[in-house]
Amino acid sequence: MVDVSARRRAPEMRLGRESALTFGGIVVNAGIAFVVTWLIARGLGASATGSFFLLTSLFMITTSVIGLGSDTGLVRALSRARAMDEPSELRPTVGIALRPVIILGLFLTGILLMAADPLAEWLVPGTDAAPTLRLLALALAPAALTGILLAGSRGLGRIRTYTVVQNLFVPISRLALVAGAVAVLGTTWSVVWAWAIPLFLAAAIAAFALRTQLHAEAGPAIPPTAAERTVLSRRFWSFSLPRGGSVILERALDWADVLLVIALLGPHAGGIYGVVTRIVQAGNMLEAALRIVLGPRLSSAIAKEDHAGADGLYRQVTQLLILGSWPFYLSVAVFADVLLGLFGPEFTPGAWALVVLASAMALKNTAGALQTVLLMAGRSTWQLRNKAIQLVVLLALAMLLVPLWGLNGAAVAFALSIAVDTLLAGYQVHRLLGFSTPLRSIAVSAVLPVLVVVGGSFAVRLLTPGAGALIQLAGLALVLLVYGLAVRVAYSKGVLPHDRHDA
């Protein structure tokens, strides 16, 4: 006789192990990204760092345009096909996802190669940036394809491939090349080249991995009929294209405030604010890990109409997000000036902006993985509308507040736009889709981060007035160690609720 309760617990336990593996890779990625940002800021200064963020932000937005939402579409489509035992759909779906991306990528690359000279003069006048823009143009298609190919591996349940390529190979290669560029050449353009070069090899590795995995899952290639391909294409792109619009808006949201600061206050202020936003984005590492693991499982549960299982996954992830991300954001808020001082004294004016953004991100994660639920439930058009509203709110508030409050105005504008998006997505997930997280579970999960991390962090600041950054950060490390032990004890004693339907 099968133990039903054991069957229900198994997905959550597996989720934890896979999340730990993915989280480890993302921690490495985030740590290296922090070091890369530090190298650039210390080696180039705030103004040149602003130019670096300008070029790379435009690169990321353009890459999102090329991707057309195919990465999330593949995760959802392949995991659904596996859940419904339809292996014949795997290979054709990958082909449907890749062909338009390759065509669009080649088209935009050709346009940017021809327009590099006038574009360089417009973006960074007075510099010889055209060769760098041409390299970035050539890297656009590999960057987009890497994300889509690795999404295919995720949809097939091969999360390890994503971790190794995206979170280890690319950042480690990037760190080595950027460190060499800063040390030897010390120019913005050499750093951008070093940042982009690993993307070419990553695309080749991801393609080889996905081809091998498809052969293992789907067997020999059997071309679908024209009618079958039409059905698959319609199903795939009806979801992916709205998601592609959302991704473009998300990348625009990631960088719009930085670009506005550069436009309104200059590259020096843009460099400071860019460092602030990169520190805050490092806190997304747990959410990213859980999203990578949760997405295929949530899609599978929804495809099987297992609402109780899907709701349980959502509750578990919400608890993990509070316990895991709040310590990061709260400690960043308390030690904002200390962290920015590591990049140089010219970056410390961004301290209050860092406090605002870190606090906003902590509150956002309290709502759980709302975006993943919307996407895996097939509501990409809802998310597209939400992101469009958020971007309008951000641009309107930033245009008003940045001239008044400078960097702090940009941070307040972004924080309020996050609140708008979270409220919209929360209403849709909880009221329209029927997912839930009891307030008691949220409150219990939030107690330890507030008491231990906030209390301990303020104690460190009060006990080490005037101490150097290393001493204060060592004190913070001790606080986080105590917090980790407290969480473990709370779980073992049953104080923290596990993912149960009555939690």
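Residues numbered from 1 in each chain as written. Predicted model: local features only at pLDDT ≥ 70, side-chain atom pairs only at ≥ 80, totals over all residues. Heavy atoms only, no water.

K.L.:
I keep staring at the overall build of the protein and nothing clicks. Help me out?
P.N.:
Within the protein, the secondary structure is distributed over 19 helices and 0 strands. Over its C-alpha atoms the protein spans a radius of gyration of 23 Å, differing by no more than 12% from the 23 Å that the globule rule assigns to 503 residues. In the protein, which comprises 503 residues, the proportion classed as buried is 54%. Within the protein, contacts between residues separated by at least 24 positions form 83% of all contacts whose residues are at least 6 apart in sequence. Per element, the accessible surface of the protein, about 21600 Å² overall, is 69% carbon and sulfur. Here the protein carries 37 positive and 24 negative side-chain charges, and the mean point of each set is 5 Å from the other. (Helix = DSSP H or I, 4+ residues; strand = E, 2+ residues; numbered from the N terminus. Rg over C-alpha atoms; globule rule 2.2 N^0.38 Å. Buried < 20%, exposed > 50% of the residue type's maximum accessible area, 1.4 Å probe, protein only. Contact = heavy atoms within 4.5 Å. Areas by Shrake-Rupley, 256 points an atom, 1.4 Å probe, with all protein chains shown as cover. Lys, Arg positive; Asp, Glu negative; His and termini not counted. Charge placed at Lys NZ, Arg CZ, Asp CG, Glu CD.)

K.L.:
Help me understand the pattern of salt bridges, please; the structure alone is not making it clear to me.
P.N.:
Pairing of side chains with opposite charge becomes possible as their charged atoms draw close. This structure, assessed with the given rule, holds 10 salt bridges. The residue Glu89 makes a salt bridge to Arg235 at a minimum N-O spacing of 3.2 Å. Of the two residues, Glu89 sits in the loop between helix 2 (70-83) and helix 3 (90-114) while Arg235 sits in helix 9 (residues 226-265), which places them 146 residues apart along the sequence. For Glu89, a relative accessible area of 15% puts it in the buried group. Residue Arg235 is classed as partly exposed on the basis of its relative accessible area, which comes to 34%. Note that Lys387 and Asp421 form a salt bridge whose closest N and O atoms lie 3.0 Å from each other. (Salt bridge = Lys/Arg side-chain N within 4 Å of Asp/Glu carboxyl O.)

K.L.:
Help me understand unusual backbone geometry in this model?
P.N.:
Most peptide bonds take the trans form, and the phi angle of most residues other than glycine is negative. Here Leu68, not a glycine, exhibits a phi torsion of approximately 60°, which is positive. Of note, Leu68 is situated in the loop between helix 1 (4-67) and helix 2. Unlike most non-glycine residues, Glu305 shows phi in positive territory, near 60°. Residue position: Glu305 is located in the loop between helix 11 (285-303) and helix 12 (307-334).

K.L.:
Would you mind going over the side chain of Ser70 with me for this structure?
P.N.:
Looking at the element boundaries, Ser70 is found in helix 2. A distance of 3.4 Å separates the side chain of Ser70 from the backbone oxygen of Ala97, its partner in a polar contact. Beyond its immediate chain neighbours, meaning those up to four positions away, Ser70 contacts Ala97, Val101, Ile148, Phe236, Trp237 and Ser240. (Polar contact = N/O pair within 3.5 Å; in protein donor to acceptor, adjacent residues only side chain to side chain.)

K.L.:
Can you walk me through the packing of aromatic side chains in this structure?
P.N.:
For any pair of aromatic rings, geometry is given as the distance between the ring centres together with the angle between the planes. Summed over the entire model, instances satisfying the criterion amount to 9 aromatic pairs. Between Phe343 and Phe347, the aromatic rings sit 6.2 Å apart at their centres with planes inclined by 55°, giving tilted as the arrangement. Residue class for Phe347 comes out buried when judged on its relative accessible area of 0%. Taken together, the aromatic side chains of Phe52, Phe53, Phe59, Trp195 and Trp255 make up a single cluster linked through ring pairs. Lying over the aromatic face of Phe239, Arg76 brings its terminal NZ or CZ to 4.7 Å of the ring centre. (Phe/Tyr/Trp six-rings, centres within 6.5 Å; stacked < 30°, edge-to-face > 60°. Lys NZ or Arg CZ within 6 Å of the ring centre and 35° of its normal.)

K.L.:
Would you mind going over the confidence of the model for the protein with me for this structure?
P.N.:
Detailed conclusions should not be drawn from predicted coordinates in areas where pLDDT is low. Mean pLDDT over the protein: 85, with 93% of residues reaching 70 or higher. Ignoring residues within four places in sequence, the model shows residues 1-15, a span with pLDDT below 50, making 12 contacts including any to other chains. Note that pLDDT drops below 50 for residues 499-503; the model gives that stretch 15 contacts with residues more than four away or on any other chain. (pLDDT = per-residue confidence, 0-100.)

K.L.:
Would you mind showing me how to read the nonpolar core here?
P.N.:
One recurring pattern in soluble globular proteins: nonpolar side chains tend to sit buried together. Phe59, Leu136, Val191, Tyr273, Val275 and Leu354 are the most contacted members of the largest nonpolar core, which totals 129 residues. By residue number, the principal contributor to this core is helix 1, which donates 16 residues. (Core = buried A, V, L, I, M, F, W, Y, C linked by side-chain atoms within 4.5 Å.)

K.L.:
Is there a simple way to explain the packing of helix 10 (residues 267-282) against helix 12 in this structure?
P.N.:
In a packed pair of helices, the relevant descriptors are the angle between the two axes and the axis-to-axis distance. Viewed as axis vectors pointing N to C, helix 10 and helix 12 meet at an angle of 150°, and their least axial separation amounts to 9 Å. By the angle class used here, helix 10 and helix 12 are roughly antiparallel. In this structure, helix 10 contributes Ile279, Val280 and Ala282 to the contact, and helix 12 contributes Phe328, Tyr329 and Val332. In terms of residue class, the contact of helix 10 with helix 12 is built from 6 nonpolar, no polar and no charged. (Axes fitted to C-alpha atoms, helices over the stretch in contact; angles between N-to-C directions. Parallel < 35°, antiparallel > 145°, perpendicular 65-115°, else oblique. Nonpolar A, V, L, I, M, F, W, Y, C, P; charged D, E, K, R; others polar.)

K.L.:
What is the right way to look at a nonpolar patch on the surface in this model?
P.N.:
Residues Leu478, Leu481, Val482 and Leu485 make up a contiguous nonpolar surface patch of roughly 390 Å² in combined accessible area. Under the relative-accessibility criterion, Leu478 is labelled exposed at 53%. (Patch = residues over 30% accessible without salt bridge, like charges linked within 9 Å, V, L, I, M, F, W, Y side chains within 5 Å.)

K.L.:
Explain the side chain of Asn365 to me, please; I cannot follow it from the model alone.
P.N.:
Here Asn365 shows up in helix 14 (residues 351-365). Residue class for Asn365 comes out buried when judged on its relative accessible area of 1%. Setting aside residues no more than four positions away along its own chain, Asn365 makes contact with Glu287, Leu321, Ile322, Ser325 and Tyr329.

K.L.:
How should I be thinking about the environment of Thr348 in this particular structure?
P.N.:
One can find Thr348 in the loop between helix 13 (336-341) and helix 14. Using a relative accessible area of 32% as the deciding quantity, one classes Thr348 as partly exposed. Sequence separation between Thr348 and Val338 is 10 residues, and the spatial gap between their C-alpha atoms is 8.1 Å.

K.L.:
Any chance you could explain helix 5 (residues 130-155) here in plain terms?
P.N.:
Given 3.6 residues per turn, any residue in an α-helix points the same way as the ones three and four places further on. If you check helix 5, its first and last C-alpha atoms are 38 Å apart, about what 26 residues at 1.5 Å a residue would give, namely 38 Å. The largest bend in helix 5 is about 35°, located at Ala139, with the proline Pro142 one to four residues further on. Gly157 sits one or two residues past helix 5 and shows a positive phi near 85°. (Expected span 1.5 Å × (residues − 1). Bend = angle between axes of the 7 residues up to and from the residue.)

K.L.:
I keep staring at the packing of helix 14 against helix 17 (residues 407-432) and nothing clicks. Help me out?
P.N.:
Two elements in contact, helix 14 and helix 17, have axes whose closest approach is 8 Å; the angle formed by their N-to-C orientations is 5°. With respect to helix 17, the axis of helix 14 lies roughly parallel. Mapping the contact onto sequence places Trp352, Ala353, Val356, Leu357, Ala360, Met361 and Lys364 in helix 14 and Leu407, Asn408, Ala411, Val412, Phe414, Ala415, Ile418 and Thr422 in helix 17. Here the contact of helix 14 with helix 17 is built from residues that sort into 12 nonpolar, 2 polar and 1 charged.

K.L.:
Would you mind showing me how to read the environment of Leu145 here?
P.N.:
Inspection of the secondary structure assignment puts Leu145 in helix 5. Among the residues examined, Leu145 registers a relative accessible area of 18% and is labelled buried. Considered as a pair, Leu145 and Leu199 are 54 residues apart in the sequence and their alpha carbons are 9.5 Å apart. Contact partners of Leu145, with chain neighbours within four places excluded, come to Leu98, Val101 and Ile102.

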